[in-house]
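The chain contents come next:
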Amino acid sequence: MSQTVAFPIKARLLWRLVFDYDNSGNQGSIEHKYTFTESGSYTSTEFNESVATHAKKLHDEDKIEVQVGASYGPVSANVGAGHTSSKEIDDMLQNTSRIQSESTISYSRTEERTYTVGPQSRLCLYQRNFKYPGMSVAETTFRTTPVPLGNDELEEEVVVDLVLAPKSFIKNIKACFLAPRTVHASESMFSWFLQVIYSDRLTQAPSDRIRDINGGSDDINYDQSGKYVWLVAEKTTKVAEAITHIDLVITSTEDKRYDDLAKGAKGKYRYLIPIRQSGQSLFLTNLRLLRSHSDIINIGIIIGLFQASGYTKDINAGRGGDYLHLLWDSERAYPIN
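Note that the structure is predicted; figures quoted are calculated from it, not measured. (Residues numbered from 1 in each chain as written. Predicted model: local features only at pLDDT ≥ 70, side-chain atom pairs only at ≥ 80, totals over all residues. Heavy atoms only, no water.)

Participant: Account for the nonpolar core, with residues named and values stated.
Facilitator: Core analysis: the largest hydrophobic core is formed by 29 residues, its most contacted members being F7, F47, L93, F130, M135 and L162. Looking at this core, the elements that each hand over two or more residues are β1 (5-22), α1 (44-60), β3 (72-79), α2 (87-98), β5 (122-132), β6 (135-145) and β7 (155-166). If one sorts the elements of this core by residue count, β1 sits on top with five residues. What F130 contacts, discounting residues up to four positions off in sequence, is A11, R12, L13, I89, L93, M135, S136, V137, E139, V158 and V160. (Core = buried A, V, L, I, M, F, W, Y, C linked by side-chain atoms within 4.5 Å. Buried < 20%, exposed > 50% of the residue type's maximum accessible area, 1.4 Å probe, protein only. Helix = DSSP H or I, 4+ residues; strand = E, 2+ residues; numbered from the N terminus. Contact = heavy atoms within 4.5 Å.)

So, in structure tokens, the structure goes:
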């Protein structure tokens, strides 16, 4: 079965009256000033819920095939052939694959223009609007008529071709260990730096390890002796296997169910515990490390800067060295079956 699934959805095009100026009683032309607003808003949760509901209906009618237990999200959305689009609509449809936010994204711009209405004539100006659940666009596409449009002319359907793909969520997190490092007092800092960054660590580190946001060391035991330790995320497309949170536990008691992040180093055990909280619809999709040489007093600012959804406490707490946090991104799941 194909990883992607494609089907059309039906949006609406509405003609909204900007002005209706009747100059039929005058012999001269009139310069009529008017104001219009170009605007748009996108709420990904409302859009995706509507798409998932429609996809579920198509699946129940055996019109599309989907993976069991998977959550699907848009990878492309385009106005169908035979329908007239616009830059504003195309830009808005790009949001479906680019933005997954719990808040509404919106913009608005107001402009004043002048329209000449000829002698003994009437002019109606309409602005086109694009509508779909979670999506609204007031375009810069206009239409003029000598009389008001009839009710049957104010609205029409427009087909949008959607392509969806299964979303990938974090299922588990594991540590990858290599042999203990040995640091001799006679080694210079420069030679040790080269050894860690350019030889042993980089050549042996797993390619799918979780990276540091700022390009720093992604070895959890960096500057702590012990073994080289990298984090690797295990992923799934099944919502039932996805996790909602990760807890950091620092303890004097060994727990063999989990990988010790401080393996080979002195001090307490450090474990990352994957959590799946019932009743939640936001699941982890991406993990990143944040290493800092100074204490982050307000990590909320850092999270806002890097658009993260959550984070652990300091992994290195109580053992010195850099401050180290694991950050994650979360997305809402929309199961179809």
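Participant: Account for the confidence of the model for the protein, naming residues and giving values.
Facilitator: Of the residues in the protein, 89% reach a pLDDT of 70 or more, and the chain-wide mean stands at 86. Looking at the elements of the protein, mean pLDDT is at its lowest for helix α3 (residues 189-204), recorded as 30, and at its highest for β5, recorded as 97. Ignoring residues within four places in sequence, the model shows residues 178-202, a span with pLDDT below 50, making 38 contacts including any to other chains. (pLDDT = per-residue confidence, 0-100.)

Participant: I'd like a description of the pattern of salt bridges, backed by residues and values.
Facilitator: Under the counting rule described, the total for this entry stands at 21 salt bridges. Note that E111 and R109 form a salt bridge whose closest N and O atoms lie 2.7 Å from each other. Judged by relative accessible area, which is 35%, R109 ranks as partly exposed. E153 is the partner of R143 in a salt bridge, and the nearest nitrogen-oxygen pair spans 4.0 Å. Taken together, the residues R143 in strand β6 and E153 in the loop between β6 and β7 connect sequence positions 10 residues apart. Given a relative accessible area of 38%, E153 falls into the partly exposed group. A single network of salt bridges, built from pairs that share partners, joins E38, R109, E111 and R113. (Salt bridge = Lys/Arg side-chain N within 4 Å of Asp/Glu carboxyl O.)

Participant: Tell me about α2, residues and numbers included.
Facilitator: Taking 1.5 Å per residue as the helical rise, α2 with its 12 residues ought to reach 16 Å, and the 16 Å between its terminal C-alpha atoms agrees with that figure. Within the sequence span of α2, burial applies to E88, I89, M92, L93, N95 and T96. All buried residues of α2 lie within an arc of 135 degrees about the axis, which places them on one face of the element. In α2, the exposed residues that point more than 90 degrees away from the buried face are K87 and R98. (Expected span 1.5 Å × (residues − 1). Arc of directions from axis to C-beta.)

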